[in-house]
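A structural walkthrough
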Amino acid sequence: MPNGSIFITVLLGFSLTWRTDINSQVSCAARHFWSEETNWMHPFLIKAKPGFLEWCKGPTSARAYRREDDNLLDIIPVDAFRGGPWGFSNATMGMMIINTFNSEMFLPIHGPCIHLARLFCHYQSRFNFDFRDITDDGGVPSSIAHLYEIWMKRALLMNPGHLGPLHSPIDEPNGYHGAVFFKNLRQYADWVDKNRKPLQEVNPSGNFTLTRKFLQDNITSTEGKDMTPKAEYLQLASRISKLPNEIAGQIEDALEPFDDLGPAELTCNRMLSPSWWKSKLYSGDLIPWLFDLPEVFDVEDRMDWELLCRQLGQRDVFGPTGILNGHRHLENRHRIWRVLSSSRLGQMGPRRAGRAF
């Protein structure tokens, strides 16, 4: 590998500067990587504790219903990062190497993305998914340990049969969901200079200030709107209200998550009250990745929460007419959530050498 060769590597669909050495060419290529705006991209390392592979083989590893597996992993802060598989160090542990020879290996991840991965798994664990199910609809991860196993096996498959320090970006098989990728950092920096700031550099962390602005700009009033459901919806609501709570709850659960809706589903049926929609939105049941909504007191149901939820659940929510268009911290968060939700064991993407996404 030539001196100064640099990669933007992908783990959860976010970028890390991955380079083989330090020289003057690097420092002039992408100074924006060391700005306040990109400090959130400073890496952490995640590593399985001893015995993880044995745990993977056990029957209980397949499901994480109402369970968290954080105890199986260590999250290690990186005190100094200079790039490359040898470029991570910690004041206590010293140098830490991204080395596929160790099956329970270190893997790089951004701090805010660890938080997102945990929130994702907490939400997923409410469903009784089978992670070992190899059918088309199976294999859904619902534990941070499941995600680590996926990432670890992707790393092992980067150079099949050749174990050692990992010099290549880890393939992400789902097209990176809209974020740009270049093998060479200088090319990437040139692209940044000529285009808008890349989506994957926008901090996806909770930001009440920015999300409050989104809510203020988009929540509408129920005043002047017909809030009376059609007769058929009233009859359906009456029948559901007479069902046992457990069955009624299962019907409500079928709405979760509230996404991939078509334009026709923007029409509100008014079968449920605005307060019901608000409660489901703020509890994270419908839009689980939108966790930083500011509290809004609406005891008289004056705000149209049903319409807001239907707008947030649209398939093209960040498109030109989408309600979240231009809210880039939410767009990157939603992108990362999609990367997590589409991850499966055994997935491998095309090698990215010489390609841009």
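Conventions we followed
- Residues numbered from 1 in each chain as written.
- Predicted model: local features only at pLDDT ≥ 70, side-chain atom pairs only at ≥ 80, totals over all residues.
- Heavy atoms only, no water.
- Axes fitted to C-alpha atoms, helices over the stretch in contact; angles between N-to-C directions.
- Helix = DSSP H or I, 4+ residues; strand = E, 2+ residues; numbered from the N terminus.
- Parallel < 35°, antiparallel > 145°, perpendicular 65-115°, else oblique.
- Left-handed = near helix turned anticlockwise from the far one by under 90°.
- Contact = heavy atoms within 4.5 Å.
- Nonpolar A, V, L, I, M, F, W, Y, C, P; charged D, E, K, R; others polar.
- Buried < 20%, exposed > 50% of the residue type's maximum accessible area, 1.4 Å probe, protein only.
- Pairing = 2+ DSSP bridges.
- Core = buried A, V, L, I, M, F, W, Y, C linked by side-chain atoms within 4.5 Å.
- Patch = residues over 30% accessible without salt bridge, like charges linked within 9 Å, V, L, I, M, F, W, Y side chains within 5 Å.
- Areas by Shrake-Rupley, 256 points an atom, 1.4 Å probe, with all protein chains shown as cover.
- Salt bridge = Lys/Arg side-chain N within 4 Å of Asp/Glu carboxyl O.
- Phe/Tyr/Trp six-rings, centres within 6.5 Å; stacked < 30°, edge-to-face > 60°.
- Lys NZ or Arg CZ within 6 Å of the ring centre and 35° of its normal.
- Lys, Arg positive; Asp, Glu negative; His and termini not counted.

What follows covers the packing of helix α3 (residues 111-124) against helix α11 (residues 328-341). α11 packs onto α3 with a crossing angle of 55° between their chain directions and a minimal axis gap of 10 Å. By the angle between their directions, the pair α3 and α11 is classed as oblique. α11 is crossed by α3, and the crossing has right-handed handedness. Residues C113, L116, A117, L119, F120 and Y123 of α3 lie in contact with α11, whose contacting residues are R333, I336, W337, L340 and S341. Looking at the contact of α3 with α11, its residues break down into nine nonpolar, one polar and one charged.

Sheet faces and side chains relate simply in a regular strand, where the side chains alternate between the two faces. In terms of burial, strand β8 (residues 106-110) is largely enclosed, as five of its five residues are buried. For strand β3 (residues 43-48) and β8, the ladder comprises five bridges, and the chain directions are antiparallel. Residue K47 lies in a different strand from β8, and its bridge partner there is F106.

So, on to the nonpolar core. Grouped together as the largest cluster of nonpolar side chains are 64 residues, with contacts concentrated most on F52, L107, Y148, L281, L308, L312 and L324. Here the element with the most residues in this core is helix α4 (residues 144-156); it accounts for eight residues. Apart from the residues lying within four places of it in its own chain, the contact partners of L312 are F214, L281, I287, L290, V317, I323 and L324.

Let us now look at the sheet that holds strand β6 (residues 88-90). Sheet architecture is open: three strands sit in the order β5-β6-β7, paired in antiparallel fashion. Single-partner strands in this sheet number two, and they are β5 (80-81) and β7 (94-96). Where β6 and β7 come together, three bridges link them in antiparallel fashion. Note on β7: the bridge partner recorded for F88 is M96.

A surface patch of nonpolar side chains, about 210 Å² in accessible area, is lined by L243, I247 and I251. Within the secondary structure, I247 is located in helix α8 (residues 245-253).

With that settled, consider the sheet that holds β3. Within a beta sheet, neighbouring strands are joined by backbone hydrogen bonds and run either parallel or antiparallel to one another. Strand order in the open sheet formed by three strands is β4-β3-β8, and the pairing between neighbours is antiparallel. The sheet is open, and its two edges are formed by β4 (73-77) and β8, each paired on a single side. When the angles between neighbouring strand axes are averaged without regard to direction, this sheet yields 30°. Sitting on the sheet, α3 touches β3, β4 and β8, and the angle it makes with β8 is about 95°.

Of note, R66 is a non-glycine position whose phi angle comes to about 55°, a positive value. You can see R66 is positioned in the loop between α2 (52-57) and β4. Look at R270: it is not a glycine, yet its phi comes out positive at around 60°. Checked against the element boundaries, R270 lands in the loop between α8 and α9 (274-282). Looking at R270, the relative accessible area reads 12%, which means it is buried.

For S125, the location among the structural elements is in the loop between α3 and α4. Exposure remark for S125: the relative accessible area of 5% places this residue in the buried category. If we ignore the near neighbours within four places in the chain, the residues touching S125 are A64, Y65, R66, R67 and S142.

In this section: the pattern of salt bridges. What the rule picks out here adds up to 17 salt bridges. Note that E149 is salt-bridged to R132, the shortest N-O span being 2.8 Å. With E149 in helix α4 and R132 in the loop between α3 and α4, the pair connects residues that are 17 residues apart, well separated along the chain. Overall, the relative accessible area of 1% leaves E149 in the buried class.

Let us look at the packing of aromatic side chains. Taken as a whole and judged by the stated rule, the model has ten aromatic pairs. Geometrically, the ring pair formed by Y123 and F127 is edge-to-face, given 5.5 Å between the ring centres and 75° between the ring planes. Of the two residues, Y123 and F127, neither departs from the other in class, the shared state being buried. One aromatic cluster is present, built from ring pairs that chain together F52, W55 and Y148. Its end group placed over the ring of W305, K278 keeps NZ or CZ at 5.7 Å from the ring centre. The residue whose ring lies beneath R333 is F291, and the NZ or CZ to ring-centre distance is 4.2 Å.

It is worth spelling out the side chain of E331 at this point. Here E331 lies in helix α11. Of the side chains with opposite charge, R328 comes closest to the buried, unpaired E331, at an N-O distance of 4.5 Å. Apart from residues no more than four positions distant in its own chain, E331 is found in contact with L199 and F318.

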